Amino acid sequence: MAEEKLAALRSLMASHSPKLDALVVPSEDYHQSEYVSARDRRREFVSGFSGSAGLALVTANEALLWTDGRYFLQAEQELSKQWKLMRMGEDPTVDIWMADKWERAFAKKQQKLIQTTTNLVDQVWTSRPPAEINPVIVHPLEFAGRSVEDKLKDLREKLVQEKVAWLYNIRGSDVPYNPVAHAYAIVTLAAAFFYVDKRKISSEVSSYMEKNGIEVRDYGVVSSDTALLASDQLASTNSAKETGKTGTTVSDNSVEESMKDLVWVDPGTCCFALYSKLNQDKLFLQSSPLALAKAIKNPVELEGLKNAHIRDGAAVVQYLVWLDNQMQEIYGAAGYFVDGEVNKKDQPRTAKLTELSVSDKLEGFRASKEHFRGLSFPTISSVGPNGAIIHYCPEAETCAELDPNSMYLFDSGAQYLDGTTDITRTVHFGKPTSHEKACYTAVLKGHIGLGNARFPTGTTGHILDVLARLPLWKYGLDYRHGTGHGIGSYLNVHEGPHQISFRPAARNVALQPSMTVTDEPGYYEDGNFGIRLENVLIVKEGGTQFNFGDRGYLSFEHITWAPYQKKLMDVSLLVPEEIEWLNNYHSKCREILAPYLNASEMEWLKKATEPIRA
C-alpha cells in the first residue's frame, strides 16, 4: 500500500508543470495547526506515521520522514521499508539535506519552491474524509474574562504603535480535542473580517458578530480579499453602519486608508498561499500580537483554570482508587501502597484491563465533572515498554493488557468551559526494581527543582530547562522532548509562544506573570518502561527577599492536584527540602480535593499523601 501511494505521487510529480523534483508534505493544515482534522492528516496518509509532529519529503527515488525525539521509537515501528527516518537533532535538517543532495542541480537548473495549484496528496487520497460542518459557538464572558470589544481595542492600539494593519488566524470548534474552528480573520483599524464556512454560523453567532463589529465572509473569499489587501482595495460592506457598543462607523475610505501602511503577517502561522498574494514591499513580519496576549491569562481565566484543575484532580484520584482496586482484584497485585509481588499469579481471570479500557474509565470520571466538554488530547495510557513511546496512543486491536509487574504511565487532560488540563503520573502496582525507583526519583527531583525555581524577570524557558534535567544528567540519563508548554483556557492544550525547552525557539519569549506552563520531565528506556511527571504551573511574582538590579523576580504556582506514588520513590535520594515540598504538596491535595471525594476515596487519598519520613 505504501509503495502504491508513493508511485501515484511520483507519477503526479513527473506530470506536473513544471516537473517537481521533490514534494514536501507537512503535518500542519492550511492554518499551521499542530492538531489537525482527519481530512488534513496528509502526512500520515502518505507515510503511515501517526505522530503529531513531522515532515515528509518525497523525491523520484527516496521517501524521508523527519520527526523529533518524542517519536523516534514510534516512527521506527510505523514507517514501511520504503521510508527512511530522519531524526531531528541527529540527522541533517530537511533544508540542509536538500541543499547537500542537490547543490549542483540547484545551481545548474535554478530550482525553486513551487506552489502547486492543487494538493497532489488529495488527488491520491481517494478515501479522504469529508469536511465536517461543526457549529461555531460563542464562549461566554463569564469564562472568557474579557469582551471581544476590549480585545479588539487592545489589538488596534498595538497596530497604531507599529503603524500596520494585521492578518491572523482565528479559532472556533472543528479539530478533535481542540475547541477551534477552521477560519481566518483580517483586522484593520476600522474593520474586522471573519472568514468561515457560513453553514457553521447560527443566527445567534451571526448577531453576536454583528454586535461586535465583525463582518462574516465565506471561507474561500479570504484568498481574493488578501489580494485586495495587497492593493489597498479591501473594504467592508458594512459601510456607514454602526459597529455595536462602540458606536463607531466603518466606511470604505477609512478601511482603505488603514491599508496604506504595512500589513502585519505572522510568518509562523500564515500559510504560503495567502502570503504569496500580499505586496512583499508592505509586509511587517513578526509574531502575532495576539499570541502573547492569549498566553498571559486574565484574572477570570486564571480562576477558571484553577477550578478546572481541582475538578480534574478529583477525577484522577477517583481513577487511581478504582484502578488500584481493580489491579488487586483481577491480577492479585500488591497494590498502589504495598511494595510487593503479585500474590495470585496462577488463578484464572474472568476479566482483564487494557490500556484502552482503563483510559476510557478515566474519561468517564472526568465526564462526570461540571463544565466537561471532552478530552484535550488522546489519552496516553501505556504499560511497560509502551511507556517508552513518548506519545503512545493505544488502539483497540493492538493495545497491551495491564501488568502488575510493570510501570504504568498515563498522560491525559480535559477541556472544561473554564479551563484546559494536562497531567501525567507514573505508577506501579507490584514491586518496582531499584533501578526503576532511582529513575523515577531522578525525574521527580527535576520536576520539583523546576517547579520551585525563582528567576529574574526576562528569563526564558531555554534557561530554565536545565533545572529539570540536572538530576538525570547526574546518572547519564536524559529525555528527548521539551520540559514545558503553555496551556490554553478552554483552547489548545499546547499553547505558545513561550516554552521550557532545550530547543532554540525557547529563547524567543521570556516567561511573564499570569502565563501557564507545564513542568514535565521524563525518562524513557526503550523496551522496558517510561516515566513522566507533569503539573501545570502559573507564573507569578517571586516574593524574594531581595531584588538585585531592580529586575523583579518570578516563581511558579502549582495548580495540578494528584499524589505522587511514594512507593516509587527512593527516599534516600531526596534532600530535606524536597521531602518538605512533597509533604506540603500532598497536604494541599488532601485539603483541596476533599469536597469532591466520597469517604472511601478520601481514605485512599489520605493514605497516599501521608507524610514522607526521611
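Here the structure is a predicted model, which is why all the values come from computation and not from measurement. (Residues numbered from 1 in each chain as written. Predicted model: local features only at pLDDT ≥ 70, side-chain atom pairs only at ≥ 80, totals over all residues. Heavy atoms only, no water.)

A word on the overall build of the protein chain
Rules: Working definition: helices are DSSP H or I runs of at least four residues, strands are E runs of at least two. Numbering for both runs from the N terminus. Computation of the radius of gyration draws on C-alpha atoms, with the globule rule given as 2.2 Å multiplied by the number of residues to the power 0.38. Residues are treated as being in contact if the distance between any of their heavy atoms lies within 4.5 Å. For the area figures, the Shrake-Rupley method with a 1.4 Å probe applies, and any residue is considered shielded solely by the protein chains shown. Note that His is not counted, nor are the chain ends; the positive residues are Lys and Arg, and the negative ones are Asp and Glu. The atom standing in for a charge is NZ when the residue is Lys, CZ when it is Arg, CG when it is Asp and CD when it is Glu.
Each helix and strand counted, the protein chain has 18 helices and 26 strands in total. In terms of overall dimensions, the protein chain is globule-like: its C-alpha atoms have a radius of gyration of 26 Å, near the 25 Å expected for 614 residues. With the principal axes as the frame, the protein chain shows a C-alpha extent of 75 × 60 × 50 Å. A separation threshold of at least 6 residues defines the contact pool for the protein chain, and within that pool the share at least 24 residues apart is 66%. Looking at the protein chain as shown, the accessible area adds up to about 27,800 Å², and 51% of this sits on carbon and sulfur atoms. Here the protein chain contributes 66 positively and 79 negatively charged side chains, and the mean placements of these two sets differ by 1 Å.

Comments concerning the sheet that holds strand β1 (residues 22–26)
What counts here: One bridge is not enough; two strands pair if DSSP finds at least two bridges between them. Axis definition: a line fit to C-alpha positions, over the contact stretch in the case of helices; interaxial angles, taken between N-to-C directions, run 0 to 180 degrees.
In spatial order, the strands read β1-β2-β3-β4; together these 4 strands make up an open sheet with mixed pairing. Every other strand in the sheet has two partners, leaving β1 and β4 (84–87) as the edge strands with one partner each. Direction aside, neighbouring strands of the sheet carry axes that sit 20° apart on average. Note that β1 and strand β2 (residues 55–59) share 5 bridges and pair antiparallel. Its bridge partner lying in β2, P26 is registered against L55. Packed onto the sheet, helix α1 (residues 2–15) meets β1, β2 and β3 (63–67) and runs at close to 65° relative to β2.

Focus: the packing of helix α15 (residues 434–451) against helix α17 (residues 576–593)
Inclusion rule: Between 65 and 115 degrees an angle is taken as roughly perpendicular, under 35 as roughly parallel, over 145 as roughly antiparallel, and anywhere else as oblique. Put simply, Ala, Val, Leu, Ile, Met, Phe, Trp, Tyr, Cys and Pro go in the nonpolar bin, Asp, Glu, Lys and Arg in the charged bin, and everything else, Gly too, in the polar bin.
Remark: α15 packs on α17, axes separated minimally by 11 Å, with the N-to-C direction vectors making an angle of 80°. Looking at the two axes, α15 sits roughly perpendicular to α17. The residues of α17 that touch α15, namely those facing L444, K445 and I448, are E578, W581 and L582. In terms of residue class, the contact of α15 with α17 is made up of 4 nonpolar, no polar and 2 charged.

Digging into the packing of aromatic side chains
The condition is simple: The aromatic pairing rule takes the rings of Phe, Tyr and Trp, using the six-membered ring of Trp, and pairs them if the centres are within 6.5 Å, calling planes under 30 degrees apart stacked, those over 60 edge-to-face and the rest tilted. Only protein chains enter the accessibility calculation, which uses a 1.4 Å probe; a residue whose area is less than 20% of its type maximum is buried, one above 50% is exposed, and one in between is partly exposed. Working rule: Lys NZ or Arg CZ, within 6 Å of ring centre, within 35 degrees of ring normal, means a charge sits over the ring.
Taken as a whole and judged by the stated rule, the model has 20 aromatic pairs. Taking the centre distance of 6.1 Å and the plane angle of 65° together, the rings of Y523 and F529 count as edge-to-face. Residue Y523 is classed as buried on the basis of its relative accessible area of 9%. Chaining the aromatic ring pairs together yields one cluster made of Y319, W322, Y408 and F410. Above the face of the F72 ring, R87 is positioned so that its terminal group lies 5.7 Å from the ring centre. A cation sits over an aromatic face here: R425 above Y564, 4.3 Å from the ring centre.

Observations concerning the pairing of strand β7 (residues 192–196)
Here is the key point about a regular strand: its side chains alternate between the two faces of the sheet. Selection rule: With strands facing away from the observer, any crossover in which the path from the first strand over the helix to the second runs clockwise is taken as right-handed.
A large share of β7 lies buried, amounting to 5 of its 5 residues. Residues A192, F194 and V196 point to one face of β7 and F193 and Y195 to the other, with burial holding for every one of them. Where strand β6 (residues 183–187) and β7 come together, 4 bridges link them in antiparallel fashion. Note on β7: the bridge partner recorded for A185 is F194. Remark: 4 residues form the turn of the hairpin made by β6 and β7, two consecutive strands paired antiparallel. Bridging between β7 and strand β8 (residues 214–218) involves 5 bridges; their strand directions are parallel. Bridging from a neighbouring strand, A192 pairs with I214 of β8. Running through helix α8 (residues 203–211), the crossover from β7 to the neighbouring parallel element β8 is right-handed.

Some remarks on the nonpolar core
Inclusion rule: In this text, buried Ala, Val, Leu, Ile, Met, Phe, Trp, Tyr and Cys residues form a nonpolar core when linked through side-chain atoms within 4.5 Å.
In this structure, Y319, L323, L353, F556, Y564 and L582 are the most contacted members of the largest nonpolar core, which totals 82 residues. The dominant element in this core, judged by the number of residues it contributes, is helix α13 (residues 299–331), at 13 residues. Residues within four places of Y319 in sequence aside, it is in contact with V358, S359, L362, F365, Y408 and F410. In terms of nonpolar packing, the next biggest core, distinct from the first, is built from 23 residues, L20, V46, L65 and V124 among them.

Focus: the pattern of salt bridges
The test is simple: Whenever Lys or Arg places a side-chain nitrogen within 4 Å of a carboxyl oxygen from Asp or Glu, that contact is recorded as a salt bridge.
Summed over the entire model, instances satisfying the criterion amount to 24 salt bridges. R217 is paired through a salt bridge with E215; the nearest N and O atoms lie 2.9 Å apart. By relative accessible area, R217 is classed as buried at 11%. In this structure, the salt-bridge partner of D339 is K431, at a minimum N-O distance of 3.7 Å. Placement of D339 in the loop between α13 and α14 (355–367) and of K431 in the loop between β18 (423–428) and α15 is noted, with a sequence separation of 92 residues between them. Given a relative accessible area of 41%, K431 falls into the partly exposed group. Here the salt bridges do not stand alone but share partners, grouping D40, R42, D122 and R128 into one network.

A closer look at the sheet that holds β18
The 3 strands are arranged β14-β15-β18 in an open sheet whose pairing can be described as antiparallel. Since the sheet does not close on itself, it has two edges, and those belong to β14 (380–383) and β18, each with one partner. Here the strands of the sheet are splayed against their neighbours by 10° on average, with no regard to which way each runs. Sheet topology note: the β14/strand β15 (residues 407–412) ladder contains 4 bridges and is antiparallel. Paired with V383 across the two strands is Y408, which belongs to β15. Sheet strands touched by α14: β14, β15 and β18. Its angle to β14, the strand with the most contacts, is close to 140°.

Some points on the UniProt feature "domain: Creatinase N-terminal" (unreviewed entry) in the protein chain
Quick reminder of the rule: UniProt positions are given in the numbering used here, feature names are shortened, and annotations may be inferred rather than shown by experiment.
Sites flagged by UniProt as "domain: Creatinase N-terminal" (unreviewed entry) map to residues 6–83. A distance of 10 Å separates the end C-alpha atoms of residues 6–83, which is 29% helix and 19% strand.

Brief notes about α13
Spelled out, the test is: A helix is expected to span 1.5 Å for every residue after the first. Side-chain atoms alone can form a polar contact between residues adjacent in sequence; in general such a contact is a pair of N or O atoms within 3.5 Å, and within protein one must be able to donate a hydrogen while the other accepts it.
In this model, α13 (33 residues) spans 47 Å end to end at C-alpha, consistent with the 48 Å of a helix rising 1.5 Å per residue. The element α13 is largely enclosed, with a buried count of 25 among its 33 residues. Structurally, the start of α13 carries an N-cap: the backbone nitrogen of V300 is 3.0 Å from a side-chain oxygen of N298.

Comments concerning a nonpolar patch on the surface
Stated precisely, the cut-off is as follows: Patch membership requires more than 30% relative accessible area and the absence of a salt bridge. Residues of like charge join within 9 Å; the nonpolar side chains Val, Leu, Ile, Met, Phe, Trp and Tyr join within 5 Å.
On the surface, L467, L470 and W473 cluster together to form a nonpolar patch covering roughly 270 Å² of accessible area. Judged by its relative accessible area of 42%, W473 falls in the partly exposed class.

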